[in-house]
Amino acid sequence: MTLKKICCIGAGYVGGPTCCVLASKCPDITVTVVDISEARIKQWNSEKLPIFEPGLDDIVKQCRGKNLFFSTDVDKAIIEAELIFISVNTPTKTYGLGKGRAADLKHLESCARRIANVAQSSKIVVEKSTVPVRAAESITNILKANVKPNVKYQVLSNPEFLAEGTAIKDLCNPDRVLIGGERSAAGQEAIEALCWVYEHWVSKEKVITMNTWSSELSKLAANAFLAQRISSINAMSAVCEATGADVSEVSYAVGSDTRIGPKFLQASVGFGGSCFQKDVLNLVYLCDCLNLPECAAYWQQVIDMNEYQKRRFVNRIIECLFNTVADKKIAMFGFAFKKDTGDTRESASIYLSKYLMDEGAQLRIYDPKVEDSQIMRDLTAPNISENPERVDKLVSLFSDPYRAAEGAHAVVVCTEWDEFKTLDYQRIYNNMLKPASIFDGRMILDHEALHDLGFHVETIGKKITRGKVTRQFPSV
Ligand code: UDX
Ligand code: ADP
């Protein structure tokens, strides 16, 4: 089975880049990305794309208007496509049953209902959004309950493993592609059709097929394992600080064991992003619902350790600034949840800002990619601040890190942007209040050199002492 037309519902961080790469790798397929947000589609059709992702602009330029289209005409795209990716957001529920833990599937369900309403021919429906186990079954039930003559559906699970900031690289050269489907003949035919799409650029051995529920659970499991590694090294960082060990040395030693491997062992101020917390909470909820409280408690600890790490870092800032930050100026370097993205969802910076604002600190925030309006939206969200006017008073935004640090008591590195490594710290030091402190929440700076400039330096998982020569270990 070959396909000519594919549509993707949801033009966000997952659907957008995924379809751009799909279109560039499959010139024989027309790919239409649709969204209910007119503003988002307008941006996809403009020179300034709605998301920043290295390499994305070039691909869009190459394919847009040829075999890649962005539209708000959801119904037309559904009618024309043979295969439909559903790539809408599935955030943690903020209301009702499962509040704070379960994934909110209202957008997913609304897509299934829309497909059922408008489809006039058979479709392969592919869930790309990360979903709880057995969500495909719910989609199937909605589609089958509304079935029309000559219209048949096959629902597949095809979770996306791209990481923001490296999305294009990850999509072009994935570790694996996972496709879950029914064991029936029709199910196998649908799986083969999707395999055929990926085999335009991914080698056959990397395309793994399995049953739908295993595929859905594998995505949650992969994110939970990755988040768990970060929480594990962060837990070690606290032990390092208390003992004089250095977490980057420990991480290097542990990661050199080929059974463990070096990736995702970088201690930090805590993981952020739209996936880890949401997916681990989703797994915790699933375990609870399945009456597996021990499993739920085990995974909950990954989240709890992440909270502890953020709190611990802020407490250290306060302690080092003579136990009060009220009215002190603190320059925050970085607001995105990691480098090379403008995304701030669940960014550690939001929570660091909240805790510091609660103490009355004056924040001076700089990020090379995040829009000012996004920072203010994040900091005035109801779970962060009850008083938006107070946020206005406490927060100033800067388009230049040197200006942000001028007259500040402290600099806090929240995101590991490469540009922070090469700033002129002598200049920054000269223009700060003394004693000048720097808190490196990402372990990216040359701490000994900063110390020698006169900074009081604090980082994660190690004590900085003048004159101590520490070997630099490569981070992965
Ligand atoms: C993650 C998964 O990596 C990806 O496979 C999945 O599809 C979506 O979720 P993403 O959230 O985009 O991707 O970024 P990732 O690189 O995983 O980083 C997540 C957070 O962990 C960031 O805040 C990052 O700074 C932090 N992190 C990562 C660490 O603190 N230490 C590490 O060693 C690695
Ligand atoms: P993700 O990181 O999972 O891609 P985003 O929030 O970036 O999440 O993108 C999800 C997109 O899905 C948003 O642009 C949103 O407008 C869109 N969306 C949500 N529900 C629907 C729907 N029913 N039909 C079409 N688009 C939708």
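All figures in this text were calculated on a predicted structure; none of them were measured in a lab. (Residues numbered from 1 in each chain as written. Chains lettered and ligands numbered in written order. Predicted model: local features only at pLDDT ≥ 70, side-chain atom pairs only at ≥ 80, totals over all residues. Heavy atoms only, no water.)

Asks: Could you give an account of the UniProt feature "active site" (unreviewed entry) in the chain, with specific residues and numbers?
Replies: Feature annotation in UniProt assigns "active site" (unreviewed entry) to the following positions: Cys275. Note that cysteine 275 resides in the loop between helix H10 (247-255) and helix H11 (276-289). By relative accessible area, which is 27% here, cysteine 275 ends up partly exposed. (UniProt positions renumbered as here; feature names shortened; annotations may be inferred. Helix = DSSP H or I, 4+ residues; strand = E, 2+ residues; numbered from the N terminus. Buried < 20%, exposed > 50% of the residue type's maximum accessible area, 1.4 Å probe, protein only.)

Asks: Describe in detail the site of ligand 2, supporting the description with residues and values.
Replies: Near ligand 2 you find 15 residues, and of these Val14, Asp35, Arg40, Ser110 and Arg345 are the closest. At a separation of 3.5 Å, a nitrogen atom of ligand 2 approaches a polar side-chain atom of histidine 107. Expressed as a share of its isolated accessible area of 590 Å², the protein-covered part of ligand 2 is 87%. The dominant element in the shell around ligand 2, judged by the number of residues it contributes, is helix H5 (residues 106-118), at three residues. Its residues assigned to classes, the shell around ligand 2 shows six nonpolar, six polar and three charged. (Near = heavy atom within 4 Å. Polar contact = N/O pair within 3.5 Å; in protein donor to acceptor, adjacent residues only side chain to side chain. Areas by Shrake-Rupley, 256 points an atom, 1.4 Å probe, with all protein chains shown as cover. Nonpolar A, V, L, I, M, F, W, Y, C, P; charged D, E, K, R; others polar.)

Asks: Let's hear about the packing of aromatic side chains: which residues, and what values?
Replies: Counted according to the given criterion, the structure contains ten aromatic pairs. Measuring from centroid to centroid gives 5.6 Å for phenylalanine 271 and phenylalanine 276, while their planes differ by 85 degrees, and the two rings are edge-to-face. Members of the aromatic cluster, joined through ring pairs, are Phe225, Tyr298 and Trp299. Note that lysine 310 overlies the ring of tyrosine 351, its terminal NZ or CZ placed 4.3 Å from the centroid. Above the plane of the ring of tyrosine 355 lies arginine 311, whose end atom (NZ or CZ) is 3.7 Å from the centre. (Phe/Tyr/Trp six-rings, centres within 6.5 Å; stacked < 30°, edge-to-face > 60°. Lys NZ or Arg CZ within 6 Å of the ring centre and 35° of its normal.)

Asks: I'd like a rundown of the pattern of salt bridges, residues and numbers included.
Replies: Where charged atoms from two side chains of opposite charge come close, those side chains can pair. Counted according to the given criterion, the structure contains 23 salt bridges. One salt bridge in this structure joins arginine 64 and glutamate 47, with 3.8 Å as the shortest N-O distance. Residue arginine 64 is found in the loop between helix H3 (56-63) and strand E3 (68-71), and its partner glutamate 47 is found in the loop between helix H2 (38-44) and H3; the two are separated by 17 residues along the sequence. With relative accessibility at 63%, the residue glutamate 47 sits in the exposed group. The partner of aspartate 343 in a salt bridge is arginine 345, and the shortest N-O contact between them spans 3.0 Å. Overall, the relative accessible area of 2% leaves aspartate 343 in the buried class. (Salt bridge = Lys/Arg side-chain N within 4 Å of Asp/Glu carboxyl O.)

Asks: So what about the confidence of the model for the chain? Which residues, and what values?
Replies: Looking at the chain, pLDDT values average 95 and 97% of them are 70 or higher. Taken together, the stretch residues 467-471 has pLDDT below 50 and engages in six contacts with residues farther than four places along the chain or on a different chain. (pLDDT = per-residue confidence, 0-100. Contact = heavy atoms within 4.5 Å.)

Asks: Go over the sheet that holds strand E14 (residues 456-459), please, and point to the residues and values.
Replies: Spatial ordering of the open sheet is given by E11-E10-E9-E12-E13-E14, a layout of six strands whose pairing is parallel. Of all the strands in the sheet, the pair left with one neighbour each is strand E11 (395-398) and E14. Sheet twist, expressed as the mean angle between neighbouring strand axes with direction ignored, is 20 degrees. Relative to strand E9 (residues 329-333), helix H13 (residues 348-358) is tilted by about 175 degrees, and along the sheet it contacts E9, strand E10 (362-366) and E11. Across the sheet, helix H14 (residues 372-379) lies against E10 and E11, angled at about 160 degrees from E11, the strand it touches most. (Pairing = 2+ DSSP bridges. Axes fitted to C-alpha atoms, helices over the stretch in contact; angles between N-to-C directions.)

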